[in-house]
Amino acid sequence: MRLSESNNMTKLTIDGQEVEVEAGVSVLQACESIGIEIPRFCYHERLSIAGNCRMCLVEMERAPKPIASCAMPASEGMVITTNSPKVRRMRQSVMEFLLINHPLDCPICDQGGECDLQDQSIGYGFDKSRYTEEKRIVEDKYMGPLIKTSMTRCIQCTRCIRFAREIAGIPDIGTIGRGEHLEIGTYVEKALTSELSGNLVDICPVGALNSAPYSNKARSWEMRNTESIDVMDALGSAIRIDSRGNEILRIQPRLNEDVNEEWISDKTRYACDGLNKRRLDQPYVKRDGKLQPATWPEAFDAIAKQLEGKDGSKIAALAGDQADVESMTALKDLMGSLGSQNMDCRGEGWALDAAQRASYIFNTTIAGIEQADACLLVGTNPRIEAPVLNARIRKRYLMGGFSVAAIGPNVDLTYKHQNLGAGPQSLHEIAEGHGEFAQVLENAERPMLIIGMGAIERGDGAQVLSLARLIAERYGMVVDGWNGFNVLQTAAARVGGLDVGFVPQQGSLGHGGIVAGAANGDIHTVYLLACDDFDSAALENTFVIYQGHHGDRGAHVADVILPGAAYTEKTATYVNTEGRVQLSSRAVFPPGDAREDWTIIRALSDVLGKRLGYDSAPQLRSRMAEINPVFAAYDTVSPAAWGTFGESGNLVDLPFTSNIENFYMTDPISRASQTMAECSDVFVTQTHGGKTGTNG
Amino acid sequence: MNEQNTIVEQPTSFAFTLENMERVKNHIAKYPDGKQASACMPLLDLAQRQHDGWLPRAAMDHVAEVLDMPPIRVYEVATFYTMYNLKPVGRHHVQVCTSLPCWLRGSDEIVKRCNEVTGTEFGKTSNDGQFTMTETECLGACVNAPMMQIGDDFYEDLTPDDVERILNALKNGETIKPGPQNTRHGSEPVGGLTTLTQGAAKGEGS
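Residues numbered from 1 in each chain as written. Chains lettered and ligands numbered in written order. Predicted model: local features only at pLDDT ≥ 70, side-chain atom pairs only at ≥ 80, totals over all residues. Heavy atoms only, no water.

## Looking at the side chain of R671 of chain A
Residues and elements named next belong to chain A.
Argument step 1. Structurally, R671 is set in helix α20 (residues 668-672).
Argument step 2. Judged by its relative accessible area of 13%, R671 is buried.
Argument step 3. Side-chain polar atoms of R671 contact the side chain of D552, separated by 2.8 Å.
Argument step 4. In this view, R671 contacts R278, D532, D533, D552, R553, M665 and T666; residues no more than four positions away in its chain are not counted. (Helix = DSSP H or I, 4+ residues; strand = E, 2+ residues; numbered from the N terminus. Buried < 20%, exposed > 50% of the residue type's maximum accessible area, 1.4 Å probe, protein only. Polar contact = N/O pair within 3.5 Å; in protein donor to acceptor, adjacent residues only side chain to side chain. Contact = heavy atoms within 4.5 Å.)

Written out as structure tokens, the structure is:
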């Protein structure tokens, strides 16, 4: 596409219509450009061209035989016919062959209703079969706990093979045998070790690869579809939530070229069964040393009683990894009116500087990775921290002319890269311009650097950030029109929290101070806003208010539990790692007495006599825009100004690691998910383990 | 050729012998730098010859490693071509062609006699481990039909009696001259020339 120039156009005629397209596109794409739909199975615009299903046949003038439009480049003066009776007959014949070995089990197939083969057989299928011989039966393959295979349904389009090889970077699937005996499989039985394997289900045009957790749960037309935003990592992938009644049955990707293209990670897709388990569906108050069910007024009263007559500056609040911006804003305002600035949303990543937006976001943007020509990864394993972003790096890698090096864990990232070492020493070497890769960065036109939370969530995080900034400046990563300095956040709430200033002011306590203060009595009350991922045992002797949706770690130390909503149950703002402000949509209602999060804080403020000044979500959002103008524009990214951040000083000689150990269990939802627990068993606990026997 | 067929006792490791490793290098050297995967087929053949005529999974993995290919790409090649055996074969691998020309010239009789002499049938190995029978499609020797291939050699212009003679000889460890088993040397007409019998050829020859 980059090569295209305005004078580099090709003219051809399709169905009597003159079309001008960029040179190099296929006949199929040329047809699509004027709205003519060509049926296809094997062709997929994000994969290489196979040309083996033959469904896209069209007639070309002076060609003796029909041509496969997906594989034929459009060229000057071509005359293409897509709607003649002959074309129709040819496609019907192709369809008849495809259906020869395809079982007639649509009524029990999960793909039924959203199946390419089914849809196109309406257009091109015969009403009865002329085939009386035996149909072929193929043994089902084991591909891990997420994918259910019914290989007899396979029409051998090889999309899955190409996806695994090209996008996921795990060349484990192939065609075994030949002719009638050809099968798709892994040959050696094994689970697909990819964090993107769920996309195989979407890419399969028939029901051969289906979602195992969703198996036989619902029909596609029974469900309500809600377009929303994912919070399982910090990318904010576009998702579609499919629900029936008040239950979420599955999550699928939506197209967003700027963020996730059309892929989502397995955690995004499959952790949704965790939304139905271990939920907090009513308030609890600790009485006689035990948490007991309570009503909302009782819970609020307990809080009011606790705070009555106590020093307001000794209250603290911590926000968790999936908190939305609305509730963080409301809680920040409430804390302010109570007289406290002891609040933090950064967890161990206290080194992040809320005053410098460029220092905590992914400045290059995800789509911008495709413009880079060299990349240095510091203390990050993007494959598990943000699998979809990793796929984008791989995409850039496959375009060629892109070198990648990593300082930190030596892992398989699905693309070739050089490991420069594990610790700060290697970072120093780059900063001083030593080594081969320093030369690569020096020569690169658009170099980029990705620093992971593993390198920031440590005692010398501020020094690491400072050194990373110096590297960015030394190699010209920050110039007019290009910013190659990137922080890869892992929490969906983080950038939003920093944008809204959910951090301590000068002289007040941050995360570490609050936890320590709670242990030694300096802090008498801690408000946890969906905050679970820290050592909550330190809060045992403090009065803890836990607002969240799962009975996870934070709830275990709580004195009062206020049941909130999960991301699928509220219309709320999240800011992804690029700084893109996005709005999620409510697909279902929170269970039981649980409420949308910001309304809980608003109601509590009333009881405490500190009424917050907003009664509706739009009012609250204008308050957010007042705090930080980025909240005035949704779905866009505006460049952040470069500044000075970090602290100079020595780095502790400890190796950089990723801050995620187990990709499948990073938050209360995925920890409650049965599917994620199974994946964890197969892929993490018994790495390379293969079949566990639970697959039946 | 599917996975079920390969469930046999697999050796745990395989490595080319030093001598074969030299051949491996020669094969790889035939292709441009970075295109070493092109040597996949000759290397698989080499591995098969080194390993009693069949390819265990360890050998395919070894080839993948030598050529820096994902193993599945090697499995794809090995399962596609019928000349790679994915399970053990007998000392003599008897492949009988049953495609149309051979069939018209009596391949049914050839197959029947093969079965009688070897005591086994297509897809199986005889109990004494001497013979494995495989049905093949056209091997390109139609002009000498019916024919069969044993090991690397073609035996052509067969009669059932020829088959019996050949197989018994092999059983006894003797060697038989490959090629046409009748009076022919190649694919010339059986009863002497029938065309071009006059002219220059006549004056010089017999």
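## Notes on the nonpolar core
Generally speaking, soluble globular proteins have nonpolar side chains that are buried together.
All names here are of chain A.
Argument step 1. F163, I173, L200, L389, I450 and Y567 are the most contacted members of the largest nonpolar core, which has 92 residues in total.
Argument step 2. With six residues, helix α4 (residues 159-168) is the single largest residue contributor to this core.
Argument step 3. For F163, the residues in contact, after removing those within four places along its chain, are L47, A168, G169, L196, N199, L200, I203 and W263.
Argument step 4. Counting 84 residues, the second-largest nonpolar core is a separate cluster that includes V285, A299, A358 and V464. (Core = buried A, V, L, I, M, F, W, Y, C linked by side-chain atoms within 4.5 Å.)

## Brief notes about the packing of helix α6 (residues 107-118) of chain B against helix α7 (residues 160-171) of chain B
Two numbers describe a pair of packed helices, the interaxial angle and the distance between the axes.
Residue and element names in this part refer to chain B.
Argument step 1. Contact geometry of α6 with α7 gives a least axis separation of 9 Å together with a crossing angle of 30 degrees. Taken together, α6 and α7 sit at an angle that is classed as roughly parallel. By crossing handedness, the relation of α6 to α7 is classed as right-handed. Residues E109, I110, R113, C114, V117 and T118 of α6 form the contact with α7, whose own contacting residues are P160, D161, V163, E164, L167, N168 and K171.
Argument step 2. Here the residues of the contact of α6 with α7 are counted per class, giving six nonpolar, two polar and five charged. (Axes fitted to C-alpha atoms, helices over the stretch in contact; angles between N-to-C directions. Parallel < 35°, antiparallel > 145°, perpendicular 65-115°, else oblique. Left-handed = near helix turned anticlockwise from the far one by under 90°. Nonpolar A, V, L, I, M, F, W, Y, C, P; charged D, E, K, R; others polar.)

## As for a nonpolar patch on the surface
Argument step 1. A contiguous nonpolar surface patch, about 240 Å² in accessible area, is contributed by M41, F80 and Y81 of chain B.
Argument step 2. Within the fold, M41 of chain B resides in helix α2 (residues 40-50). (Patch = residues over 30% accessible without salt bridge, like charges linked within 9 Å, V, L, I, M, F, W, Y side chains within 5 Å. Areas by Shrake-Rupley, 256 points an atom, 1.4 Å probe, with all protein chains shown as cover. Salt bridge = Lys/Arg side-chain N within 4 Å of Asp/Glu carboxyl O.)

## A look at unusual backbone geometry
Argument step 1. A cis amide bond links A145 of chain B to the next residue, P146 of chain B, at an omega of -5 degrees.
Argument step 2. Among the structural elements, P146 of chain B can be located in the loop between β2 (131-136) and β3 (148-150).
Argument step 3. The residue T414 of chain A is not glycine, and still its phi comes out positive at about 75 degrees.
Argument step 4. Positive phi outside glycine occurs at D157 of chain B, with the angle close to 50 degrees.

## Quick look at the packing of aromatic side chains
Argument step 1. This model, assessed by the stated rule, comprises 12 aromatic pairs over all chains.
Argument step 2. Summarising the aromatic geometry, the rings of F14 of chain B and F16 of chain B are spaced 5.6 Å apart at their centres and angled 80 degrees between planes, so their arrangement reads as edge-to-face.
Argument step 3. Relative accessible area serves as the criterion here: at 9%, F16 of chain B is assigned to the buried category.
Argument step 4. On the basis of an interplanar angle of 70 degrees and a centroid distance of 4.9 Å, the ring pair of F80 of chain B and Y81 of chain B is categorised as edge-to-face.
Argument step 5. Its relative accessible area of 33% is what places F80 of chain B among the partly exposed residues.
Argument step 6. A cation over an aromatic ring shows up here: R178 of chain A above the ring of F80 of chain B, its NZ or CZ 5.0 Å from the ring centre.
Argument step 7. One Lys or Arg, R250 of chain A, reaches over the ring of Y214 of chain A and ends 4.7 Å from the middle of that ring. (Phe/Tyr/Trp six-rings, centres within 6.5 Å; stacked < 30°, edge-to-face > 60°. Lys NZ or Arg CZ within 6 Å of the ring centre and 35° of its normal.)

## Regarding the interface of chain A and chain B
Argument step 1. Taken together, the contacts link 17 residues of chain A with 16 residues of chain B.
Argument step 2. A combined buried area of about 1,500 Å² lies between chain A and chain B, and 57% of that area is made up of carbon and sulfur atoms.
Argument step 3. For the pair chain A and chain B, the interface holds zero salt bridges.
Argument step 4. Taken together, the connections running from chain A to chain B amount to four residue pairs in polar contact (both at pLDDT 80 or more).
Argument step 5. When residues of the side of chain A that touches chain B are traced back to their parent elements, those giving at least two are α4, β7 (174-176) and β8 (183-185) of chain A.
Argument step 6. The element that contributes the greatest number of residues to the side of chain A that touches chain B is β7 of chain A, accounting for three residues. (Buried area = accessible area lost by both parts, 1.4 Å probe.)

## Description of helix α8 (residues 325-338) of chain A
Residue and element names in this part refer to chain A.
Argument step 1. Between the first and last C-alpha of α8 there are 20 Å, a value that for 14 residues agrees with the 20 Å anticipated at 1.5 Å per step.
Argument step 2. Across the 14 residues of α8, 12 count as buried, placing the element largely inside the fold.
Argument step 3. Turning to α8, its buried residues are V325, E326, S327, M328, T329, A330, L331, K332, D333, L334, M335 and L338.
Argument step 4. Two or three places before E326, at the start of α8, stands the capping residue D324, its side-chain oxygen 3.3 Å from that residue's backbone nitrogen. (Expected span 1.5 Å × (residues − 1).)

## As for the sheet that holds strand β24 (residues 525-529) of chain A
Residues and elements named next belong to chain A.
Argument step 1. Overall, mixed pairing links the seven strands, which are arranged β14-β13-β26-β25-β24-β15-β16 in an open sheet. The sheet terminates laterally at β14 (290-293) and β16 (343-344), the two strands that pair on one side only.
Argument step 2. Sheet topology places strand β15 (residues 315-319) next to β16; two bridges connect them, and they run parallel. What sits directly across from A317, in β16, is M343.
Argument step 3. Contacts from helix α7 (residues 296-307) reach β13 (284-287), β15, β24, β25 (543-548) and β26 (560-563), with the element oriented near 135 degrees to β26. (Pairing = 2+ DSSP bridges.)

## Remarks on the domain arrangement of chain B
Argument step 1. What the domain assignment lists for chain B is domain 1 (15-80) and domain 2 (92-180).
Argument step 2. Centre-to-centre separation of domain 1 of chain B and domain 2 of chain B, based on C-alpha positions: 29 Å. (Domains from an automatic or database assignment.)

## Topic: the sheet that holds strand β11 (residues 238-244) of chain A
Residues and elements named next belong to chain A.
Argument step 1. Reading across from one edge, β10-β11-β12 is the order of the three strands in this open sheet, with antiparallel pairing throughout. Looking along the sheet, the strands with just one partner apiece sit at the ends: β10 (224-229) and β12 (247-253). Taking each pair of neighbouring strands and ignoring which way they run, the sheet shows an average axis angle of 30 degrees.
Argument step 2. When β11 meets β12, the two strands line up antiparallel, connected through six bridges. Its bridge partner being in β12, I241 is matched across the sheet by I251.

## Remarks on the pattern of salt bridges
Residue and element names in this part refer to chain A.
Argument step 1. Inspection of the entire model under this criterion finds 56 salt bridges over all chains.
Argument step 2. Residues D242 and R240 are paired through a salt bridge, measuring 2.7 Å at the closest nitrogen-oxygen approach.
Argument step 3. Here D242 falls in the buried class, since its relative accessible area comes to 0%.
Argument step 4. Look at the salt bridges and you will find they share partners, linking R46, E257, E261, E262, E370, R392 and K395 into a network.

## Regarding the environment of R91 of chain A
Residue and element names in this part refer to chain A.
Argument step 1. Following the sequence through the fold, R91 ends up in helix α2 (residues 85-100).
Argument step 2. Considered as a pair, R91 and G512 are 421 residues apart in the sequence and their alpha carbons are 67 Å apart.
Argument step 3. Setting aside residues no more than four positions away along its own chain, R91 makes contact with I38, P39, M55, C56, L57, V58, T82 and Y124.

## Side note on the pairing of strand β20 (residues 447-452) of chain A
Argument step 1. Burial analysis of β20 of chain A places six of its six residues in the buried class, which makes it a mostly covered element.
Argument step 2. With burial as the criterion, each face of β20 of chain A is covered, one bearing P447, L449 and I451 of chain A and the other bearing M448, I450 and G452 of chain A.

## Let's talk about the domain arrangement of chain A
Argument step 1. For chain A, the domain assignment lists domain 1 (3-98), domain 2 (284-353 + 493-632) and domain 3 (362-488).
Argument step 2. Between the C-alpha centres of domain 1 of chain A and domain 3 of chain A there is a distance of 41 Å.

## Remarks on the pairing of strand β1 (residues 9-14) of chain A
All names here are of chain A.
Argument step 1. Bridge count for β1 against strand β2 (residues 17-22) is six bridges, and the pairing is antiparallel. Bridge pairing in β2 places I14 opposite Q17.
Argument step 2. Taking the residues that link successive antiparallel strands as the turn, the β1-β2 hairpin has two residues, and the phi of D15 there is positive, at about 50 degrees.
Argument step 3. Relative to strand β5 (residues 79-81), β1 runs parallel, the two being bridged by two bridges. Directly across from I14, in β5, lies its bridge partner I80.

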